[in-house]
Amino acid sequence: MYTITNVGGTPGGEAFLLVTEEKAALIDSGFACSAGRMVANIKDILQDRPLDYVLLTHSHYDHASGSAYVQDAWPDARVAGSVYAKKILEKPSARAVIREMNDNAALLAGISEYEDRTDRLHIDIAVSEGDVIGLGTMKLRVIPAPGHTKCCTAFWCEEEKLLLSCETLGVPAGGGMVMPCYMVGYGLAMQSVERLAALGAEKILTPHRGLLEGEACTAFIENAVYWNKEFMRRAREGRRAGKNEAELAREFKELFYTPFMAEVQPEKAFDLNLGYTIPMLIREIDGE
Ligand SMILES: [Zn+2]
């Protein structure tokens, strides 16, 4: 028996609390500005029980920032993430981006004051392929899933057929669409997508949108495979038709920046991601 609850402090800064009979883990940790509300939400559920882990799917500001506030309330909670995420979170240049993006998220959420703890971001347990996080009887196997970022990682519970996924699979954009989020490389992302799709998950925790079960899980995974390929197909077609970076970016924004997507992703973050993705795709296509 386990439960998964969205304890995020504000839309876009989703964080999910996984509670088993013996242990509790927070999956991702949202923005800095909403961390206080998130911690309160977690306390409401856990009461006197400890929080054992914070599992970070990657190092982006909307997933990792809240982790710097959690250890005040639960000093024994260990933050786990990939080896590469650990490196990123310690980099001054990455911290500068995280700080700026958190300020933007705070502005959008109408939160004028929050404590900046970017310099405390860290990972206690650097995990890699095959490592296991034990939540009592529930075992989570680490499956690196680079593609969205190099530091993306998923966690897989074979017994429950439960996949705690990351943004390399993409983000539901509404109406069965899944917005691809590959920023590192198409080929690399597709390897991860195919690997995660082949696990046979019956339940999937999607970043920002939460738990999908049964048919919704199957449909999301099928749509993720489809749209990850379709995005590249359209980019190739556009490139052959002579479209430049700005034209492709405009086309993709029209397609994927739906009101549904806008609920969980600030426009600035969307544009920033697209600003990495489109030039990367163009380089791959032009090099083919
Ligand atoms: Zn991300």
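Reading the values: the criteria
Residues numbered from 1 in each chain as written. Predicted model: local features only at pLDDT ≥ 70, side-chain atom pairs only at ≥ 80, totals over all residues. Heavy atoms only, no water. Helix = DSSP H or I, 4+ residues; strand = E, 2+ residues; numbered from the N terminus. Expected span 1.5 Å × (residues − 1). Buried < 20%, exposed > 50% of the residue type's maximum accessible area, 1.4 Å probe, protein only. Arc of directions from axis to C-beta. Contact = heavy atoms within 4.5 Å. Patch = residues over 30% accessible without salt bridge, like charges linked within 9 Å, V, L, I, M, F, W, Y side chains within 5 Å. Areas by Shrake-Rupley, 256 points an atom, 1.4 Å probe, with all protein chains shown as cover. Salt bridge = Lys/Arg side-chain N within 4 Å of Asp/Glu carboxyl O. Pairing = 2+ DSSP bridges. Axes fitted to C-alpha atoms, helices over the stretch in contact; angles between N-to-C directions. Donors = N, O, S within 2.8 Å, 3.2 Å for Na, K, Ca; no water. Tetrahedral: all angles 85-135°; square planar, octahedral: opposite > 155°, others 65-115°.

**Student:** Lay out helix α6 (residues 186–197) with the relevant residues and their values.
**Tutor:** Given a rise of 1.5 Å per residue, 12 residues ought to cover 16 Å, and the 16 Å separating the end C-alpha atoms of α6 matches this to within 8%. Those residues of α6 that fall on the buried side of the exposure criterion are Tyr186, Ala189, Met190, Ser192, Val193 and Leu196. Angular distribution of buried residues about the axis of α6 spans 165 degrees; they occupy a single face of the element. Contact partners of the buried residues in α6: β8 (138–144), β9 (153–157), β10 (162–164), α7 (214–240) and α10 (267–286).

**Student:** Explain a nonpolar patch on the surface residue by residue, including any values.
**Tutor:** On the surface, Val97, Leu272 and Tyr276 cluster together into a nonpolar patch covering about 270 Å² of accessible area. Of the residues examined, Val97 reaches a relative accessible area of 41% and is grouped as partly exposed.

**Student:** Can you break down the sheet that holds β8 residue by residue, with the values?
**Tutor:** Strand order across the open sheet formed by 6 strands is β7-β8-β9-β10-β13-β14, with mixed pairing between neighbours. Each edge of the open sheet carries a strand with a single partner, namely β7 (132–135) and β14 (210–213). Averaged over all neighbouring strand pairs, the angle between strand axes comes to 25 degrees, with direction disregarded. Relative to β9, β8 runs antiparallel, the two sharing 4 bridges. Counted as the bridge partner of Pro144 is Thr153 from β9. Helix-sheet contacts for α6 involve β8, β9 and β10, and the interaxial angle to β8 is about 155 degrees. Running at roughly 105 degrees to β14, α7 makes contact with β13 (203–206) and β14 of the sheet.

**Student:** Talk me through the pairing of β7; I want residue IDs and the actual numbers.
**Tutor:** Of the two faces of β7, only the one carrying Ile133 and Leu135 is buried; Val132 and Gly134 on the other face are not. Linking β7 back to β8 in an antiparallel pair, the connection comprises 2 residues, with Gly136 at a positive phi of about 70 degrees.

**Student:** Just give me the short version of the coordination of the zinc ion, but keep the residues and values in it.
**Tutor:** Coordination of the zinc ion by the protein involves His58 (NE2), His60 (ND1), His148 (NE2) and Glu167 (OE), with metal-donor separations of 2.1 to 2.5 Å. Between the 4 donor atoms coordinating the zinc ion, the angles at the centre fall across 78 to 167 degrees, so the site counts as irregular. Between consecutive donor residues of the zinc ion, the sequence gaps follow H-x1-H-x87-H-x18-E. Placement of the pair is His148 in the loop between β8 and β9 and Glu167 in the loop between β10 and β11 (171–174), with a sequence separation of 19 residues. Grouping residues by exposure puts His148 and Glu167 together as buried.

**Student:** Lay out the pattern of salt bridges in plain terms, naming residues and giving numbers.
**Tutor:** Applying the stated criterion across every chain, the model contains 21 salt bridges. Notably, a salt bridge pairs Arg234 with Glu230, separated by 2.8 Å at the nearest N-O pair. One end of the pair is Arg234 and the other is Glu230, both in helix α7 and 4 residues apart, which spans about a single turn. Glu230 sits in the buried class, given a relative accessible area of 8%. One salt bridge connects Glu288 with Arg236, and the closest N-O pair in it is separated by 2.8 Å. Placement of Glu288 in the segment after α10 and of Arg236 in helix α7 is noted, with a sequence separation of 52 residues between them. A relative accessible area of 28% means that Arg236 is categorised as partly exposed.

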